[in-house]
Amino acid sequence: MAVMLALFGCSASAVEPVPAPPVPGSAAPNNFRLSLTRATVDALVKTARAGDRAGFYRLVSDQDPAFHDRARLLYDNLSTLPLTRLQIRLEPTEFALTDARQKVLGAGAWAQRGLVTWRLPGDGTEVEHLIWLTFLGAGGEVKLAGTNDQPSGTNSNDQQPSWWLGPLSARERGGVTVVAGSGQSLDRWTNLAAAALGNVREQLPAGLGIPWNGSVVIEVPATQRDFESVLGKPAGNYTSIAAVTHHAGAGGAGIRIVANPKAAQLTSGALQAVLEHEMVHVATRSPDSPAPIWAEEGLAEWVALRAHPGQRSEGTDEVLIRVRSDGAPSSFPADREFRAGARNLHLAYAEAWLACRFIADRYSEAQLARFYAQLDDGRTLDDASRATLGLSGSALTTQWREYLDQLARY
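Just so you know, these numbers come straight off a predicted model, no measurement behind them.

Scoring rules and cut-offs
Residues numbered from 1 in each chain as written. Predicted model: local features only at pLDDT ≥ 70, side-chain atom pairs only at ≥ 80, totals over all residues. Heavy atoms only, no water. Helix = DSSP H or I, 4+ residues; strand = E, 2+ residues; numbered from the N terminus. Rg over C-alpha atoms; globule rule 2.2 N^0.38 Å. Buried < 20%, exposed > 50% of the residue type's maximum accessible area, 1.4 Å probe, protein only. Contact = heavy atoms within 4.5 Å. Areas by Shrake-Rupley, 256 points an atom, 1.4 Å probe, with all protein chains shown as cover. Polar contact = N/O pair within 3.5 Å; in protein donor to acceptor, adjacent residues only side chain to side chain. Pairing = 2+ DSSP bridges. Axes fitted to C-alpha atoms, helices over the stretch in contact; angles between N-to-C directions. Salt bridge = Lys/Arg side-chain N within 4 Å of Asp/Glu carboxyl O.

> Residues and numbers for the overall build of the protein, please.
Broken down by element type, the protein carries 13 helices and eleven strands. Relative to a compact globule of 410 residues, whose C-alpha radius of gyration would be 22 Å, the protein shows 24 Å and is just as compact. Reported as C-alpha extents along the three principal axes, the dimensions of the protein are approximately 80 × 40 × 35 Å. Expressed as a percentage of the 410 residues in the protein, the buried residues total 52%. Residue pairs at least 24 apart in sequence account for 69% of intrachain contacts in the protein once pairs closer than 6 positions are excluded. Accessible area for the protein stands at about 17,300 Å²; split by element, carbon and sulfur atoms hold 48% of it.

Now the structure itself:
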């Protein structure tokens, strides 16, 4: 299987939206036309949320026949998703279209950037995305004429909302909201996610000190390309990663799970474990945490595998073989060892899991939780270990190495 069960939970900080850089062809807006354009955008949102298909289509230009299918996709998604909020705030600067697009739409068409704010049940806060909309003025009104006229010279790696990319279906159950692209089994994903969330709620140790409402949002794009577009990552960087927990959107603090569509190939048990791992990242807000990645990933693996007695983190056998031949690692895994595409990523996850399992076994689950809470609060390994376990960081590392040596003998 190309899909790995050792999951990378993104811990990058959210990126605040920034004003569009100066681009050739941009122009200051005409205030009257800007008011008309913003009114059109507001009406598009209102009609979509009201299920008014005819009203939505009256706001869409038919100048480009190829845009009809695209407009239908947006209406279908926005009218059926269980959105609790949807708003598009249009930026004032207008951008000229390419010569090729002007031949289709006419010289009077233009593009503007919009900030979409949307929220699903299970989101802790709103999620924001940047999109580009194309407009055409005619007969004293403004209509939507396209969505693919992003000017050259602007950032093309912004995260994109899943409903922007293709047909979606969605379902809510017991605190889980699943949004699935075409070709994905919404029933299967929802059933496994609901079971996974129940296990995480039960297995998450007390004492972490992190507020969590017990809800999650999972996006399952239809294709690998869509997976990378939702993450805002270059093509090919995450092909072997089964799921990522990340800051969704251009800014704010929304945290969601995005599953690689290839993960659907996994057995139900393995896929549920993947979801449990990622849900721990949501519960602990790992993307915001200053804790070392081995602690974040180790805790997520430890909680997920507690619900599946007898299972071990992928790579554990190879770690123990290396311990027998070369001795135990000299330190806990470094952050760089958890980068997507790292050569021995599965070994880093196994070592992280063994570290957290060691602390829980040798000390207690409560002490593991308090130890993690200290790291999550920005304390050093030495300070966190002394405060919760009563020994220095170097002594903790030595005990863990001895633990690995002992496991390797059996």
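Moving on from the coordinates now.
> So what's going on with unusual backbone geometry? Which residues, and what values?
At Arg285, a residue that is not glycine, the phi angle is positive and equals roughly 50 degrees. Along the chain, Arg285 falls in the loop between α7 (268-284) and α8 (293-306).

> A description of the environment of Asp149 should follow, citing residues and the corresponding values.
In this structure, Asp149 sits in the loop between β6 (141-146) and β7 (168-173). The exposure class of Asp149 is buried, given its relative accessible area of 10%. Spatially, the C-alpha atoms of Asp149 and Ala295 are 43 Å apart, while their sequence positions differ by 146 residues. Excluding residues that lie within four positions of it along the chain, Asp149 makes contacts with Leu97, Arg101, Ala111 and Thr134. Side chain to side chain, Asp149 and Arg101 meet in a polar contact 2.7 Å long.

> I'd like to hear about the sheet that holds strand β11 (residues 255-259), residue by residue, with values.
Spatially, five strands are ordered β7-β8-β9-β11-β10 in an open sheet, and the strand pairing comes out mixed. Looking at the sheet topology across the chains shown, the edges are occupied by β7 and β10 (243-247). Taken over all neighbouring pairs, the strand axes of this sheet differ in orientation by 20 degrees on average, direction set aside. Inspection of the sheet shows strand β8 (residues 176-181) paired to strand β9 (residues 216-220) by five bridges, in the parallel sense.

> Residue-level account of the environment of His308, with values.
By the secondary structure assignment, His308 is in the loop between α8 and α9 (316-326). Measuring from C-alpha to C-alpha, the distance between His308 and Ser152 comes to 50 Å, with 156 residues separating the pair along the chain. Here the side chain of His308 touches Glu276 through a polar contact of 2.7 Å, side chain to side chain.

> I'd like a rundown of the pattern of salt bridges, residues and numbers included.
Under the defined criterion, the tally for this structure stands at 19 salt bridges. For the salt bridge of Glu128 with Arg89, the shortest nitrogen-to-oxygen distance reads 3.5 Å. Of the two residues, Glu128 is situated in strand β5 (residues 127-138) and Arg89 in strand β2 (residues 85-90); the sequence distance between them amounts to 39 residues. Between Arg256 and Glu219 there is a salt bridge whose closest N-O contact spans 3.4 Å. Remark: Glu219 occurs in strand β9 and Arg256 occurs in strand β11; sequence separation between them is 37 residues. Given the relative accessible area of 0%, Arg256 is considered buried. With a relative accessible area of 2%, Glu219 lands in the buried category. Taken together, the shared-partner salt bridges connect Asp64, Arg101 and Asp149 into one network.

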